[in-house]
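A look at the structure
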Amino acid sequence: MVSLVDRNVVVIGGTSGIGLATAVMAKAQGAKVWAVGRSEDRAAAAAEGNPGISFSTLDIHNLDALTTLFESIGIIHHVVAAATGANRTMAPFIEQTDEQFREAFNKFWGYCNVIRKASPYMTDDGSITLLGGFPARKCNPGMSAVSCVGNAVEGLSRALAVEMAPRRVNVVAPGTISTGMFDNLGDKKEEILAKGTQHIPLKRPGQSEEVASAVILTLTNAYMTGTTIDIEGGALLP
Ligand SMILES: NC(=O)c1ccc[n+]([C@@H]2O[C@H](COP(=O)([O-])OP(=O)(O)OC[C@H]3O[C@@H](n4cnc5c(N)ncnc54)[C@H](OP(=O)(O)O)[C@@H]3O)[C@@H](O)[C@H]2O)c1
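Residues numbered from 1 in each chain as written. Predicted model: local features only at pLDDT ≥ 70, side-chain atom pairs only at ≥ 80, totals over all residues. Heavy atoms only, no water.

**A short note on the site of the ligand**
Condition: One heavy atom within 4 Å of a molecule or strand makes the whole residue count as near it. Distance and chemistry together define a polar contact, namely a pair of N or O atoms within 3.5 Å, with one atom able to donate a hydrogen and the other to accept it when in protein, and with adjacent residues in sequence counting only for side-chain atoms on both sides. Here the accessible surface of atoms and residues is derived via Shrake-Rupley with a 1.4 Å probe, and residues count as covered only by protein chains that are part of the display. Secondary structure counts use DSSP, requiring at least four H or I residues in a row for a helix and at least two E residues in a row for a strand, with both numbered from the N terminus.
Taken together, the neighbourhood of the ligand is formed by 30 residues, with Thr15, Ser16, Ser39, Arg42 and Thr179 sitting nearest. Taking arginine 42, its side chain carries an N or O atom lying 2.5 Å from an oxygen atom of the ligand. Here a nitrogen atom of the ligand sits 3.0 Å away from a polar atom, N or O, in the main chain of glycine 85. Contact with the protein chains hides 95% of the accessible area of the ligand, taken as 890 Å² for the molecule alone. Counting residues per element, the ones that place at least two in the shell around the ligand are helix H1 (17-28) and helix H5 (106-118).

Structure below.
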């Protein structure tokens with residue numbers, strides 16, 4: 001196993017949810033951690049509770065900002081791409097406009113930007129971990145766009161695991177996880193997530209830390225590449 005002590009870990013989408021939990025775990029294991037999100041408020045709130053992690057802001061679609069970030073760090077051992085990065089339209093495929101469908105792919109294009117801009121600074125024993133999602137392989141009605149994006153993320157990781165070796169590239173695909181992604185549900189958030197997960201074997205939404213521990217495994221297991229780890233409470237089972 002690779003020790004994270006004194007390794008440089010960059011988490012894009014690291015100011016909330018799964019990315020923040022990953023940043024905290026990596027720091028606890030001795031890594032130097034840079035955690036990046038889009039909004040100043042979220043970055044400031046995350047920084048308050050987590051001294052020792054370097055929080056900053058940029059948009060994953062801003063190539064210059066990504067270059068500046070990676071250049072300023074200099075040597076990068078591990079990159080985690082966990083930014084949602086896009087609006088998701090949940091609606092039947094034939095009712096979606098081309099623009100709505102394309103918008104969901106902004107998560108994927110953001111991940112592409114991160115990989116291209118980070119790679120010149122990455123060590124040979126480094127790794128890239130992309131957050132995918134369970135709809136890639138179990139798509140409920142109305143989820144066609146997010147499903148296609150999830151498949152694109154998984155496909156890219158397998159292609160890059162071959163192309164970028166010996167650097168490793170993996171995906172962690174969460175099920176329904178209680179994170180900031182559902183803050184738009186307001187104070188009904190936990191109730192709605194609980195109801196929406198009653199049909200899966202573990203009958204509850206997951207927690208960010210339960211996904212983050214799988215992300216940490218992709219950083220520290222030096223023989224893991226081109227793999228997708230599902231953390232979904234059994235949601236993929238028939
Ligand atoms: N939670 C789930 O149930 C679930 C299920 C399947 C897949 N996923 C995937 O898991 C990953 C992590 O999601 P999460 O649930 O942890 O969401 P979250 O709590 O909303 O965190 C998302 C993070 O991404 C940042 N971000 C979003 N758009 C960005 C952009 N354009 N540029 C830079 N940073 C940006 C956010 O910063 P700001 O808030 O400042 O924008 C935040 O730090 C995402 O790829 C998501 O699609 C989550």
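The structure having been displayed, the exposition proceeds.
**Things to note about the environment of alanine 118**
The criterion, for reference: For this analysis, residues touch if any pair of their heavy atoms sits within 4.5 Å.
Relative to the assigned elements, alanine 118 resides in helix H5. Alanine 118 sits 39 residues away from valine 79 along the chain, and the two C-alpha atoms are 7.7 Å apart. Apart from the residues within four sequence positions on either side, alanine 118 is in contact with Phe70, Ile76 and Val79.

**Here's the deal with the pattern of salt bridges**
Between side chains of opposite charge, a pair can form when the charged atoms approach closely. Let me state the cut-off plainly: When a carboxyl oxygen of Asp or Glu is within 4 Å of a side-chain nitrogen of Lys or Arg, the pair counts as a salt bridge. Relative accessible area decides the class of each residue, using a 1.4 Å probe on protein chains only: under 20% of the type maximum gives buried, over 50% gives exposed, and in between gives partly exposed.
For the structure on display, the rule yields seven salt bridges. A salt bridge links arginine 42 to aspartate 183, with the shortest nitrogen-to-oxygen separation between them at 3.3 Å. Of the two residues, arginine 42 is situated in helix H2 (residues 40-49) and aspartate 183 in the loop between strand S7 (177-178) and helix H7 (189-196); the sequence distance between them amounts to 141 residues. You can call arginine 42 partly exposed: its relative accessible area is 36%. Given the relative accessible area of 42%, aspartate 183 is considered partly exposed. Residues joined by salt bridges that share partners form a network here, namely Arg42, Asp183 and Lys189.

**Side note on the confidence of the model for the chain**
For the record, the criterion: Predictor confidence is given residue by residue as pLDDT, running from a minimum of 0 to a maximum of 100.
Confidence along the chain averages 97 in pLDDT terms, with 100% of residues attaining 70 or more. The weakest mean pLDDT in the chain belongs to helix H4 (residues 98-104) at 96; the strongest belongs to strand S6 (residues 168-174) at 99.

**As for the side chain of threonine 22**
Inspection of the secondary structure puts threonine 22 in helix H1. A relative accessible area of 0% means that threonine 22 is categorised as buried. Look past the residues within four positions of threonine 22 in its chain and what remains in contact with it is Val11, Val80, Ala212, Val215 and Ile216.

**Some points on the packing of H5 against helix H6 (residues 144-163)**
So the rule is basically this: Axes here mean lines fitted to C-alpha atoms, for a helix over just the part in contact, with angles spanning 0 to 180 degrees between N-to-C directions. If an angle is under 35 degrees, it is roughly parallel; if it is over 145, roughly antiparallel; if it lies from 65 to 115, roughly perpendicular; otherwise it is oblique. Amino acids are sorted into nonpolar (Ala, Val, Leu, Ile, Met, Phe, Trp, Tyr, Cys and Pro), charged (Asp, Glu, Lys and Arg) and polar (every other residue, Gly among them).
Taken N-terminus to C-terminus, the directions of H5 and H6 make an angle of 25°; their axes are 9 Å apart at the nearest point. Relative to H6, the element H5 lies roughly parallel. Two secondary-structure elements touch here, H5 through Lys107, Phe108, Tyr111, Cys112 and Ile115 and H6 through Val149, Ala152, Val153, Leu156 and Leu160. Looking at the contact of H5 with H6, its residues break down into nine nonpolar, no polar and one charged.

**A short note on the environment of threonine 84**
Counting through the fold element by element, threonine 84 comes out in the loop between strand S4 (76-81) and H4. Relative accessible area serves as the criterion here: at 39%, threonine 84 is assigned to the partly exposed category. The spacing of threonine 84 and alanine 104 is 20 residues in sequence and 9.4 Å in space, taken between C-alpha atoms. For threonine 84, the residues in contact, after removing those within four places along its chain, are Lys107 and Met181.

**A word on the packing of aromatic side chains**
Stated formally: Each pair of aromatic rings taken from Phe, Tyr and Trp, with Trp reduced to its six-membered ring, is defined by centres within 6.5 Å and is described as stacked if the planes are under 30 degrees apart, edge-to-face if over 60, and tilted in the remaining cases.
Under the definition given, this model contains four aromatic pairs. Here the aromatic rings of phenylalanine 93 and phenylalanine 101 are separated by 5.4 Å at their centres, their planes lie at 85°, and the arrangement is edge-to-face. By relative accessible area, which is 17% here, phenylalanine 101 ends up buried. Judged by centre distance (5.1 Å) and plane angle (65°), the ring pair of phenylalanine 108 and tryptophan 109 falls under edge-to-face. Take tryptophan 109: its relative accessible area is 46%, and that puts it in the partly exposed class. One aromatic cluster in this structure is built from Phe93, Phe101, Phe105, Phe108 and Trp109.

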